[in-house]
Amino acid sequence: MKPSPFEYHAPRSIDAAVAVLAEVGHDGKVLAGGQSLIPILNMRLASPAHLVDINRVSGLDTVEVTAEHVRIGALVRHAQLEHHDGAYAAQPLLRQALLNVAHPVIRNRGTTVGSIAHADPSGEMPSVLVLTAGVVEATSVRGTREIPAAEFFLGPLESCLAEDEVATAVRFGRFSPGTGTAFQEIARRHGDYALAGMAAVVTVRDGVITEAGASFVSLTATPDILDLSAALAGATPEDADYAAAAALVRDHVDPDADIHASAEYRRMLAGAIAERLLPVAARRGIRQRSEQEATA
Amino acid sequence: MTTKLFGAPITRREDPRLVSGNGKYLDDLGAGALAAAFVRSPYAHARIVDIDVSGALDVEGVVAIYTHEDLDGAVADRLPLLIPHPALTAPMVAYPLAPTHVKHVGEPVVMVVAADRYVAEDACGRIRVDYEQLPPVVGVEAARAATHLVHEEAPGNVAAHLVQEVGDARAAVAAAPHRLELDLFIDRSASMPMEGKGVLAQWNADDQMMRIYSSTQTATGVRASVAAKLGLPLAKVECIAPDIGGGFGAKIMHPWAEEVLVPWAARRLNRDVKWVEDRREHFISSTHERSQVQHVEVGFDDDGRVLGLDVTFWHDNGAYTPYGIIVPIITSTQLLGPYKPGAYRVEFFSLYTTTVIVTPYRGAGRPQGVYAMERTMDAIADYLGKDRADVRSANFILPEEMPYDHGLLFQDGRPYKYDSGDFPGSLAKLKALVGWDEWADYRAAAEAEGRRVGLGIGCYVEGTGVGPYEGGHVQVETSGRVNVATGLTTQGQGHQTAFAQIVADELGVPIDDVYVTTGDTRKMAYAVGTFASRAAVVSGNAVALAARAVRAKALRLAANALEVDEADLEIVDGIVRVVGSPESAIPLGTLSVLSNPLRYAFDEAAKAATQFAGAADFSKPPVADDEEPGLEGRDFFSPTQSTFANGMHAAIVETDPVTAEITILRYCVIHDCGNLINPMIVEGQVHGGVGQGVGGALYERMVYDDAGQLLNASFMDFLMPYASEVPHVETDHLMTPSPLNPLGVKGAGEAGCIPVTAVIASAIEDAEGFPIRSMPISPVELWELRRRHAAGELPSLRRHTAATS
């Protein structure tokens with residue numbers, strides 16, 4: 001369990017980092033928190049000839065909260081975002097989901113942008129990025145571009161980042177007032193990859209659900225949004241037909257079987273989580289609106 | 001004696017060093033040593049067609065590459081069959097490097113020695129081995145079918161077949177008023193020590209001397225087996241077990257191929273060579289346990305008393321049998337637990353498969369046996385509509401029946417005879433602790449909240465402290481420092497504390513003056529090893545006896561020096577003094593000076609021992625004819641048989657009605673290991689054991705595919721429980737001392753994990769209302785069972801049917 005030989009690069013600027021990537025192309029891999037990359041290297045499942053360690057690049061470790069989004073740089077650790085009260089107030093789904101990312105020790109080192117760039121369908125943060133209609137900012141010697149979350153994920157462990165690009169930041173969108181969120185996953189052990197997980201968002205206006213949606217963890221090949229408005233809109237949070245929404249979820253997800261659970265079991269879990277989670281998000285929607293009005 | 005240390009819950013003296021990063025584990029040693037790595041078989045069963053190492057020769061830093069053809073002498077032979085047995089009719093043991101065939105994924109084929117492990121692995125990656133694949137044999141059923149053979153030498157894939165019988169069990173079953181049959185399965189798992197195996201060999205060409213550091217549970221075993229393999233005089237080999245990051249049985253197996261090959265290469269290269277097992281290697285080339293298919297036929301009366309018990313099981317021993325058939329023998333005997341069936345017959349087949357070898361892992365066959373027996377007890381109770389604890393009570397061996405001889409032979413070939421125990425007393429304590437008699441109310445309250453809960457129980461007896469012997473050496477230095485050595489090793493048991501407690505008490509010295517050395521053949525060349533919950537029993541008594549010898553000598557010397565009768569002396573805080581007149585006293589350190597007359601005065605203490613130091617009786621030699629120099633003593637303890645500890649566990653579990661997730665709400669343990677040397681250490685052992693048992697019951701298993709590939713050979717997919725999965729363990733103790741040793745102690749190391757699988761199965765069954773016959777169990781498996789039950793494919797428990805109809 002020792003990695004193959006590689007050349008180690010420790011650029012001080014993003015320009016220097018992308019210059020290396022432009023030169024080495026397919027042979028290069030970006031190292032940030034290393035929580036997925038280092039085990040892959042040690043097990044020799046990947047043997048990149050060049051490792052571009054961006055940990056010494058300045059300016060990538062900030063969390064910015066604006067009226068439209070929460071923007072985080074590529075070196076923001078999961079723990080930093082999890083504990084950021086401004087980010088939580090602006091987009092509660094972030095902390096709700098981050099608490100499910102492995103364990104505190106791993107969150108201290110792993111980066112949120114890194115886990116999004118890794119594009120693991122078992123990752124929590126890709127699904128949050130999608131559900132919040134987020135954006136990935138990518139930089140290369142060719143310039144900087146913004147990639148909407150819906151276009152970013154191509155397949156399991158596959159994103160549309162080019163070989164010479166670094167994801168320098170992501171922006172998570174914010175929801176309109178009266179929107180409640182919730183996140184839950186079921187794993188074999190605390191902090192494990194989820195057997196099934198779900199991020200839920202429900203908007204309530206005048207006591208009535210107007211919109212609802214969800215995205216998933218370990219249940220879809222790439223994170224996508226399932227619109228649940230058809231099942232829930234028009235009802236009050238108390239009377240809404242969550243079983244109908246759960247049925248939509250079961251129809252939508254397409255989980256794989258592995259040694260830990262069958263696809264059928266995961267599909268059942270998806271429905272069970274939906275039925276438990278959506279009422280929570282709806283209740284939070286009501287509370288969120290009343291808090292907004294109280295402070296307005 | 002002032003404060004008695006034996007029995008005191010003092011904190012472990014070794015922990016500050018270990019938890020502050022100051023341990024010296026195998027991988028902390030040997031900076032600058034060459035590193036070894038291995039090319040291992042990627043196939044479960046194959047013939048080696050060709051090995052081409054040419055691509056690796058020019059990797060910078062490679063020092064040597066060895067295949068079987070390069071090995072010489074006894075190193076080229078098969079590894080030893082450590083524990084032969086008459087029933088082991090087709091024993092097979094691997095070669096250090098496979099010559100022609102590989103029998104499991106992970107079997108070593110080529111050894112690379114290089115400047116460091118990185119380079120060694122680079123070179124391994126460039127070695128090409130051509131294999132002709134042969135049919136794999138995976139799992140008990142495939143082994144039984146014997147469509148393909150693992151070894152031509154083992155027809156039917158049978159390594160061993162053994163029957164033991166007391167009375168005519170089959171006739172007793174047939175004649176019994178009630179009969180049941182159970183088919184049971186328990187899957188593979190393995191221990192996961194934090195530090196895997198590892199060995200560092202240092203060849204001293206000047207002295208022609210081999211020093212081996214090994215992460216082993218038996219330094220003497222490694223020393224002797226390597227000396228034999230390398231053709232070295234025993235006097236020229238020494239083995240030291242440094243701090244060991246957990247053993248759990250995997251490291252009592254020896255010599256591992258690497259333990260032979262690394263010293264062999266070190267001598268050949270005249271360089272220090274080190275190999276440290278990585279986690280993948282531990283998964284695929286170390287050792288596993290537990291997999292058995294069991295068939296139970298039982299006949300019983302209206303009270304649930306077992307009149308006849310007829311058990312057949314098929315034990316998966318993996319690809320080779322270097323450790324003999326210890327595991328299935330233990331299953332076949334310890335299955336009986338605290339019970340006395342009218343007649344008992346047990347038959348087992350130990351079967352080859354093309355998977356990792358099976359050797360003892362904490363519990364060593366007992367979890368399987370207890371599982372079979374306790375599933376049977378629950379089935380009897382359900383059949384008769386009786387309380388599960390009452391059925392167990394009806395079958396208990398009673399205290400007045402001790403010692404109780406089952407009429408079987410145990411793993412040491414000696415009679416399977418319980419020395420002591422109070423099973424009704426233990427059960428009463430357990431029922432009180434868990435609230436057994438209030439269970440109906442507890443369940444009703446949970447059901448009112450829409451929750452599904454179950455109560456489970458499991459009882460076991462554990463043979464501990466198996467022989468043949470251990471030794472103790474106790475020596476008092478002139479400073480008063482007390483050196484204690486025993487030969488068995490330490491892999492986390494707290495020997496620095498427990499053995500020091502014993503010696504401090506026996507000798508009458510402060511514990512801070514006592515220094516314990518274990519697992520070093522330079523300090524104690526005669527020893528067996530740390531396994532079978534034996535250290536406290538065998539070494540504990542040995543160091544006690546050695547300390548008593550030192551005490552006797554100290555009193556003798558002091559009586560002479562103080563000109564008093566020995567009977568008037570006591571030893572308090574390291575000072576021998578006259579009872580009633582403490583001013584007439586002499587420290588043990590001074591007696592150590594007097595015990596060793598010197599010619600040369602190299603320090604103040606030595607000056608007092610030189611020939612002109614004081615008056616002497618010139619008619620006598622400086623050292624009396626019947627004495628030896630030095631204030632020290634050595635003794636050995638060799639028990640006549642194992643001593644039998646016991647315990648009873650109960651658990652309350654909750655199962656999610658929708659997702660089938662399983663949560664342990666309470667876990668209660670009554671434990672009886674005789675006199676407690678240190679209750680805190682015993683509780684720690686029990687807690688750790690329960691944690692390991694929970695892993696075996698709910699999380700851990702070795703997932704082999706049909707090709708014999710281990711699919712979860714990493715901590716990403718092998719689900720060892722975290723602290724978050726291990727319940728709080730509530731413990732209470734009973735102490736029925738063993739009559740078989742001076743300290744009255746029994747072993748405790750394995751206890752915690754033994755009944756957990758049985759207890760959790762019992763609790764889930766109680767929650768769900770249908771039988772649980774296969775363990776471990778995961779939520780998805782429970783969910784599948786519910787669907788089968790709902791479809792009428794699984795019967796309901798009788799008590800469940802009665803409750804719901």
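Rules used throughout
Residues numbered from 1 in each chain as written. Chains lettered and ligands numbered in written order. Predicted model: local features only at pLDDT ≥ 70, side-chain atom pairs only at ≥ 80, totals over all residues. Heavy atoms only, no water. Helix = DSSP H or I, 4+ residues; strand = E, 2+ residues; numbered from the N terminus. Expected span 1.5 Å × (residues − 1). Buried < 20%, exposed > 50% of the residue type's maximum accessible area, 1.4 Å probe, protein only. Domains from an automatic or database assignment. Contact = heavy atoms within 4.5 Å. Buried area = accessible area lost by both parts, 1.4 Å probe. Salt bridge = Lys/Arg side-chain N within 4 Å of Asp/Glu carboxyl O. Polar contact = N/O pair within 3.5 Å; in protein donor to acceptor, adjacent residues only side chain to side chain. Phe/Tyr/Trp six-rings, centres within 6.5 Å; stacked < 30°, edge-to-face > 60°. Axes fitted to C-alpha atoms, helices over the stretch in contact; angles between N-to-C directions. Left-handed = near helix turned anticlockwise from the far one by under 90°. Nonpolar A, V, L, I, M, F, W, Y, C, P; charged D, E, K, R; others polar.

1. A closer look at helix α18 (residues 679-699) of chain B
Between its terminal C-alpha atoms α18 of chain B stretches 29 Å, which fits the 30 Å expected from 21 residues at 1.5 Å a residue. The buried fraction of α18 of chain B is high, at 15 of 21 residues.

2. Some details on the domain arrangement of chain B
All names here are of chain B. What the domain assignment lists for chain B is domain 1 (18-134 + 191-285), domain 2 (292-466 + 640-804) and domain 3 (469-484 + 493-637). Using only C-alpha atoms to locate each centre, domain 1 and domain 3 end up separated by 40 Å. Each partner contributes to the interface: domain 1 provides eleven residues, whereas domain 3 provides 13 residues. Of the roughly 860 Å² buried between domain 1 and domain 3 on both sides combined, carbon and sulfur atoms contribute 49%. Ranking the residues of domain 1 by area buried against domain 3 places Gln-217, Thr-220 and Ile-240 at the top, with a combined share of 45%. Counting across the domain 1 and domain 3 interface gives zero salt bridges.

3. Focus on the side chain of Ser-291 of chain B
Residue and element names in this part refer to chain B. Here Ser-291 shows up in the loop between α8 (279-285) and β13 (292-300). Residue Ser-291 is classed as buried on the basis of its relative accessible area of 4%. If near-sequence neighbours (up to four positions away) are discounted, Ser-291 is found in contact with Val-140, Phe-185, Ile-186, Asp-187, Arg-188, Trp-314, His-315 and Asp-316.

4. Focus: the domain arrangement of chain A
All names here are of chain A. With domains assigned, chain A is organised as domain 1 (7-56), domain 2 (63-173) and domain 3 (179-295). Computed over C-alpha atoms, the centres of domain 2 and domain 3 are 20 Å apart. Across the interface of domain 2 and domain 3, roughly 1,700 Å² is buried in total on both sides, 62% from carbon and sulfur atoms. Where domain 2 packs against domain 3, one counts zero salt bridges. At the boundary of domain 2 with domain 3, the tally comes to six residue pairs in polar contact (both at pLDDT 80 or more). Those elements that place two or more of their residues in the side of domain 2 that touches domain 3 are α5 (92-98), α8 (124-131) and β8 (153-155). In terms of residue count, the dominant contributor to the side of domain 2 that touches domain 3 is α8 (six residues).

5. Focus: the environment of Glu-462 of chain B
Residue and element names in this part refer to chain B. The topology assignment puts Glu-462 in strand β18 (residues 452-464). Along the primary structure Glu-462 and Gly-32 are separated by 430 residues, whereas in three dimensions their C-alpha atoms are 44 Å apart. With sequence-adjacent residues up to four places away left out, Glu-462 is seen in contact with Gln-334, Arg-366, Ser-533, Thr-643, Phe-644, Ala-645, Gly-747, Glu-750, Ala-751 and Ile-754. For Glu-462, the side chain forms a polar contact with the side chain of Ser-533, separated by 2.7 Å.

6. Remarks on the packing of aromatic side chains
Residue and element names in this part refer to chain B. Overall, the coordinates contain 20 aromatic pairs over all chains when judged by the stated rule. Ring geometry for Phe-300 and Tyr-383: centres 5.6 Å apart, planes at 90°, overall edge-to-face. You can see Phe-300 sitting in strand β13 and its partner Tyr-383 sitting in helix α10 (residues 366-384), a full 83 residues away along the chain. On the accessibility criterion, Phe-300 (0% relative accessible area) is buried.

7. So, the packing of helix α14 (residues 495-507) of chain B against helix α15 (residues 535-562) of chain B
Two packed helices can be described by the angle between their axes and the distance between those axes. All names here are of chain B. Packing of α14 against α15 brings their axes to within 9 Å, and their N-to-C directions diverge by 30°. Judged by the sense of rotation from one axis to the other, the crossing of α14 with α15 is right-handed. In this structure, α14 contributes His-495, Phe-499, Ile-502, Val-503, Glu-506 and Leu-507 to the contact, and α15 contributes Ala-535, Ala-536, Ser-539, Gly-540, Val-543, Ala-544, Ala-547, Arg-548, Val-550 and Arg-551. Residues of the contact of α14 with α15, tallied by class, amount to ten nonpolar, three polar and three charged.

8. Description of the side chain of Glu-165 of chain A
Residues and elements named next belong to chain A. Counting through the fold element by element, Glu-165 comes out in the loop between β9 (158-159) and β10 (166-173). On the basis of relative accessible area, Glu-165 is assigned to the buried category, the value being 6%. A polar atom in the side chain of Glu-165 sits 2.6 Å from the side chain of Arg-145. Of the polar contacts made by the side chain of Glu-165, one reaches the backbone nitrogen of Ala-162; its length is 2.8 Å. With sequence-adjacent residues up to four places away left out, Glu-165 is seen in contact with Leu-21, Ala-138, Thr-139, Ser-140, Arg-142, Arg-145 and Cys-160.

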